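Listed below, chain by chain, are the residues.
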Amino acid sequence: MGKFVVEDSFWKLLPEVEIGVVCVDGILPTDQISKEGAVRAAKLLDVANNAAERWLTSTTISTNEVVAVWRQAYQKFKTKKGARCSVENLLKRVLKDNPVGHINPAVDVSNAISLKYALPIGAENLDAVEGTFRLAQTEGGDRFLPIGEEESDPTLPGEVAYLDDGGAICRCWNWRDGQRTKVSGATPHCVFIMENVDPSRSADLHAAIDEVARLAEEILGGTVTAKGFVTKDSPEMELV
């Protein structure tokens, strides 16, 4: 397959970040996941919606610590107007008493873990990645077609983004995914990525990654082919 590499340009901005990575192959199509598995995934999401309230000590979303650390991180690089860390959007729904709803077992599991640990999670179709999967501060102009859009929206100079040889995969770090590598209900080979910007929460990241790996096998029917953590001192890992 290839490698996941976090480049020096990223570490110069955010040296204390830790990124968890899980590769899973053989994920069952949504219609082949057992009824019991689908019910379990939905229940996990329901429980996580309620559990997420523990992270919300303020009615102002930006002043909650798990959101504030991401707001601070996003100030260190160029972003699109209104771009926010993906977990902020989930927590905002909980804060507004509008729980994150059920979509399909794979998405429900991802959202459940993100809410439970108040950490962002993303998933990409590994078979659609071209060349080396990278995280870097870009020079701008990387091709990017957002999910649900018809026109390209290239990266900005100084933006942080997930990239490969074909362009951008996810804009503004973990804000918006692209059409080319999106995961559907029939994508068998995925990479799940979780990021942590607060060193004091490393144990939460490790627990979350372990849970993603376990549930991907127990509920989604896949096989974990790689699991690891990327840091400044260990900036790359093999993807299989």
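What you see as residue numbers is a count from 1 along each chain, following the sequence as written. Side-chain atom pairs in this predicted model are given and counted only at pLDDT of 80 or more, local residue features only at pLDDT of at least 70, and totals for whole chains, interfaces and linings cover all residues. Side-chain calculation: all heavy atoms of the structure are included, whereas hydrogens and water are not.

Chemist: Account for the packing of helix H3 (residues 65–74) against helix H4 (residues 86–95), with residues named and values stated.
Modeler: Angle between the axes and distance between the axes: these two values describe a pair of packed helices. Lines are fitted to the C-alpha atoms to define the axes, a helix being fitted only along its stretch in contact, and any angle between axes, read from their N-to-C directions, falls within 0 to 180 degrees. Here a strand is any run of E in DSSP of at least two residues, a helix any run of H or I of at least four, and the numbering for each starts at the N terminus. Running from N to C, H3 and H4 point in directions that differ by 150 degrees, and their axes come no closer than 10 Å. Here H3 runs over H4; the crossing is left-handed. The residues of H4 that touch H3, namely those facing Val66, Val67, Trp70 and Arg71, are Val87, Glu88 and Leu91. For the contact of H3 with H4, a count of residues per class yields five nonpolar, no polar and two charged. In this scheme the handedness of a crossing depends on how the near helix is turned from the far one: anticlockwise by less than a right angle means left-handed, clockwise means right-handed. Residue contacts follow a heavy-atom distance rule, with two residues in contact if any of their heavy atoms lie within 4.5 Å. Residues are grouped as follows: Ala, Val, Leu, Ile, Met, Phe, Trp, Tyr, Cys and Pro are nonpolar; Asp, Glu, Lys and Arg are charged; every other residue, Gly included, is polar.

Chemist: Got a sec to walk through the pattern of salt bridges? Specific residues and values, please.
Modeler: By definition, a salt bridge exists where a carboxyl oxygen of Asp or Glu is found within 4 Å of a side-chain nitrogen of Lys or Arg. Per the stated rule, a full pass over the model turns up 16 salt bridges. Across the pair Glu7 and Arg134 runs a salt bridge, and its minimum N-O distance is 3.1 Å. Here the residue Glu7 occupies a position in the loop between strand E1 (2–6) and helix H1 (8–13), and Arg134 occupies one in strand E4 (residues 133–137), the gap between them amounting to 127 residues. Three or more residues joined by partner-sharing salt bridges are found here, namely Arg40, Lys116, Glu211, Arg214 and Glu218.

Chemist: Requested: an account of the UniProt feature "domain: B3/B4 tRNA-binding" (unreviewed entry) in the protein, with residues and values cited.
Modeler: UniProt positions are given in the numbering used here, feature names are shortened, and annotations may be inferred rather than shown by experiment. The sites that carry the UniProt feature "domain: B3/B4 tRNA-binding" (unreviewed entry) are, in the present numbering, residues 68–221. Span residues 68–221 is 31% helix and 19% strand, its end C-alpha atoms 36 Å apart.

Chemist: Quick rundown of the layout of surface pockets? Include the residues and the values.
Modeler: Of the grid points, spaced at 1 Å and generated over the protein atoms alone, those admitting a 1.4 Å probe that cannot get out make up cavities, while open sets with protein on both sides within 12 Å along at least five of seven lines make up pockets; any residue with an atom within 4 Å of a point is treated as lining. Grid points are joined across faces, edges and corners, and a volume is the space filled by probe spheres set on the points. By volume, the largest pocket is sized at about 990 Å³. As for the largest pocket, its lining consists of 41 residues, and the residues nearest its centre are Val107, Asn111, Ile121, Ala123 and Asp177. Ranked by residue count, the leading element in the lining of the largest pocket is helix H5 (residues 105–117), at five residues. Per-class residue counts for the lining of the largest pocket are 22 nonpolar, 13 polar and six charged. Together, Leu14, Pro15, Glu16, Val17, Glu65, Val69, Gln72, Ala73, Lys76, Val197, Asp198 and Pro199 line the second largest pocket. Class assignment of the residues belonging to the lining of the second largest pocket gives a composition of seven nonpolar, one polar and four charged.

Chemist: Would you mind going over the nonpolar core in detail, with residue names and values included?
Modeler: In terms of nonpolar packing, the biggest core is built from 50 residues, with Phe4, Ile19, Leu91, Tyr162 and Trp173 touching the most fellow members. Sort the elements by how many residues they give to this core and H3 lands first, with six residues. In this structure, Ile19 is in contact with Phe4, Val6, Leu135, Tyr162, Ile193, Met194, Glu195, Leu205, Gly228, Phe229 and Val230, ignoring residues within four places of it in sequence. Of all hydrophobic cores here, the second largest spans 23 residues; its members include Val22, Ile27, Tyr117 and Ala216. For our purposes a nonpolar core is just a set of buried Ala, Val, Leu, Ile, Met, Phe, Trp, Tyr and Cys residues, chained together by side-chain atoms within 4.5 Å. The buried label applies to any residue whose accessible area, calculated with a 1.4 Å probe on protein chains only, is under 20% of its type's maximum; exposed applies above 50%, and partly exposed to all values in between.

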